[in-house]
Amino acid sequence: MDDMYQHGVRGWLAAPVPASAAQARAQQIWLGCKRFAANRSALAGLVFLLLLVIVAWLAPLIAPYNPFQQSLAARLMPPSAAHWFGTDELGRDILSRIIYGTRITLYIAVLTAGIVAPVGLIVGTIAGYFGGWIDLVLMRIVDVFLAFPSLILALAFVTALGPGIENAVIALSLAAWPPIARLARAETLTIRKSDYVAAMRMQGASHLRIIWSDVIPMCLPSVVVRVTLNMAIVILTAAGLGFLGLGAQPPSPEWGAMLSTGREFMMNAWWVAAMPGIAILLTSLAVNLAGDGLRDVLDPRHD
Amino acid sequence: MRQSLLEVADLNVSFGEEDERHHVVKDVGFHIGRGECYGLIGESGCGKTTVLRAIAGLNSDYDGSILLDAQKQPKARRGAGFLRRVQMVFQDPYASLHPRKMVEKVLREPLQIHGFDRQRQRIDEVLVQVGLDPSFRYRYPHELSGGQRQRVVVARALIMEPEILLLDEPTSALDVSVQAEILNLLTRVQRERGLTYLLVSHDMAVIAHVCQRIGMMQHGRIIEEMTSEAVRNGQAQEQYTREFLDASAAFAAALEGDAT
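Residues numbered from 1 in each chain as written. Chains lettered and ligands numbered in written order. Predicted model: local features only at pLDDT ≥ 70, side-chain atom pairs only at ≥ 80, totals over all residues. Heavy atoms only, no water.

(A) Highlighting the sheet that holds strand β7 (residues 164-168) of chain B. Residues and elements named next belong to chain B. Overall, mixed pairing links the six strands, which are arranged β6-β7-β8-β3-β9-β10 in an open sheet. Edge positions in the sheet fall to β6 (86-89) and β10 (221-227), since each of these pairs with one other strand and no more. If you compare each strand with its neighbour and ignore which way they point, the axes differ by 20° on average. For strand β9 (residues 213-218) and β10, the ladder comprises six bridges, and the chain directions are antiparallel. By the bridge assignment, Ile 214 is partnered in β10 with Met 226. Sheet strands touched by helix α5 (residues 146-158): β6 and β7. Its angle to β6, the strand with the most contacts, is close to 175°. (Pairing = 2+ DSSP bridges. Helix = DSSP H or I, 4+ residues; strand = E, 2+ residues; numbered from the N terminus. Axes fitted to C-alpha atoms, helices over the stretch in contact; angles between N-to-C directions. Contact = heavy atoms within 4.5 Å.)

Put into structure tokens, the structure is as follows:
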């Protein structure tokens, strides 16, 4: 058994003295993965999210029907062998629509996270690092955005820009970056006074270099965790926008919009609203669980 | 008298807003010759670390002048010329190493900033000089002991090949057993490289071990300057210095008593 650990990839990852920078980094990542995997619920969340990605990717192969195919003869059919999740008011297969809807949800969530994390990180670290009037101006801008409830702000922007997925992403990003900037600034305030930043200054490092190589790596874990946990809110808000008719437009199979139309048939066809509702619930739950697990791994204060 | 390499004149530092301004360092002045070790000693809060940070350029809010080779240094950002000649070793090796940077990166960054050649070789050399195996280059700080970390901190200061090291209580955050190792390392490196030290400490044993001349600080002033022989022979002039020396001697004796 011992021999097995000395050779191959495992041995390379467990070697007590790393022989290269890449190996040292890989060992750290491997340790992180092991800790993440030890958290069962986080692992379950991650597995569910991976499943969603695969479903979104292979949607045309998995979906039993065309999500836009209407069939008035098969309106509001309850879940059955032919239609696992039933059909909606136009006779479209709900399972197929939910499968295609995964693409829209992931698209919104990933794009929003991809906009929010860098913007929040840059604004927050610059404000915290330089302080003074730069901090004052940036933080007042953040205050203005924080003063509005995020859904209301998103609503206002979508109304101004016009409904649609891209505009929903912009609106959600505008509402979601200020808390990230706040977080990054708070972290930066403690980091900039640290001895290791003083040491970098003693070595003649430029402000840009200090922010890039000392401040951002320390802020990144908490920002990543926050953005991940935020993704659940983004998914819910996106569904909310869809529900109000301001997100994806019909006939696109967005979960919130599906939920909204299902509302009319709640009494005699519960599955039309319940199925997309469950999809939203499970997805945001999975994101939350995975985010919690990620925090345990990344955030040094939770060691 | 020798030409002094580093000179501090009329240094005054205050902290706080106008109404509650604390005058922490008052009219401090001293000079250090090339190859000399000068110690600043005093109880906690007497302003010795503040003096060091002002010299290092980490605190630009001071009055007075700091001269390197008789050239007055600007208060704001020190130039690359100054930083290549003056480096600092910090007190707490748990705080002064970036927790997510490999030793390799910690040591390579100053080389990159100042455009040194043979970077890999220099890192190996400096690690060997501070008593670490070159295989330590791919370690993270949390994988190292306190003493090993402090060796990395010393290596980081040495890799720029400075002439002056500012030492801010370099042993006080370490285990007693490791303190002697680090002090021996510092004295050995000083001999090998002909460095000039400015050492700040509250521990008379540390200062007397390393320094030839010693400045006694109290309430932000240097009240007395003496040689280490004078300290060993108990020839202090000021009342406070005598009390301080007696207290630390008694403490050292008590420690010895514990040990036996």
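(B) Highlighting the UniProt feature "domain: ABC transporter" (unreviewed entry) in chain B. Within this structure's numbering, the places UniProt gives as "domain: ABC transporter" (unreviewed entry) are residues 6-244 of chain B. The distance separating the terminal C-alpha atoms of residues 6-244 of chain B is 27 Å; by composition the span is 36% helix and 27% strand. (UniProt positions renumbered as here; feature names shortened; annotations may be inferred.)

(C) Layout of unusual backbone geometry. For the bond from A:Pro250 to A:Pro251, the omega torsion is 10°, close enough to zero to count as cis. Along the polypeptide, A:Pro251 turns up in the loop between α11 (207-243) and α12 (255-262). Phi at B:Asp10 is positive, roughly 50°, even though this residue is not glycine. Tracing the chain through its elements places B:Asp10 in strand β1 (residues 4-15). Judged by its relative accessible area of 53%, B:Asp10 falls in the exposed class. Phi at B:His219 takes a positive value of approximately 50°, unusual for a residue other than glycine. Along the chain, B:His219 falls in the loop between β9 and β10. (Buried < 20%, exposed > 50% of the residue type's maximum accessible area, 1.4 Å probe, protein only.)

(D) Fine view of the UniProt feature "transmembrane region" (unreviewed entry) in chain A. Residue and element names in this part refer to chain A. As annotated by UniProt and renumbered to match this structure, "transmembrane region" (unreviewed entry) occupies residues 42-63, 104-130, 142-162, 227-249 and 269-291. Secondary structure within residues 42-63 divides into 91% helix and 0% strand; the distance between the first and last C-alpha atoms comes to 28 Å. Here residues 104-130 is 100% helix and 0% strand, with 39 Å between the C-alpha atoms at its ends.

(E) Main features of helix α4 (residues 40-57) of chain A. Residues and elements named next belong to chain A. With 18 residues, α4 should reach 26 Å at 1.5 Å per residue; the first-to-last C-alpha distance of 26 Å fits that figure. Listing the buried residues of α4 in full gives Ala 42, Gly 45, Leu 49, Leu 52 and Ala 56. All buried residues of α4 project into a common sector of 80° when viewed along the axis, lining one side. Exposed positions of α4 whose direction lies more than 90 degrees from the buried face are Arg 40 and Trp 57. As for α4, its buried residues are in contact with α3 (21-38), α5 (59-62), α6 (94-130) and α13 (271-298). (Expected span 1.5 Å × (residues − 1). Arc of directions from axis to C-beta.)

(F) Fine view of the sheet that holds strand β4 (residues 62-68) of chain B. Overall, antiparallel pairing links the four strands, which are arranged β2-β1-β4-β5 (chain B) in an open sheet. Among the strands making up the open sheet, the edge pair consists of β2 (22-33) and β5 (71-72) of chain B.

(G) Structural detail: the packing of aromatic side chains. All names here are of chain B. Scanning all chains against the criterion turns up five aromatic pairs over all chains. When the ring of Phe 30 is compared with that of Tyr 38, the centres are 4.9 Å apart and the planes differ by 5°; the resulting orientation is stacked. Overall, the relative accessible area of 0% leaves Tyr 38 in the buried class. One cation-aromatic arrangement involves Arg 78 over Phe 82; the distance from NZ or CZ to the ring centre is 4.8 Å. Of note, Arg 139 hangs over the ring of Phe 136, and the distance from its end group to the ring centre comes to 5.3 Å. (Phe/Tyr/Trp six-rings, centres within 6.5 Å; stacked < 30°, edge-to-face > 60°. Lys NZ or Arg CZ within 6 Å of the ring centre and 35° of its normal.)

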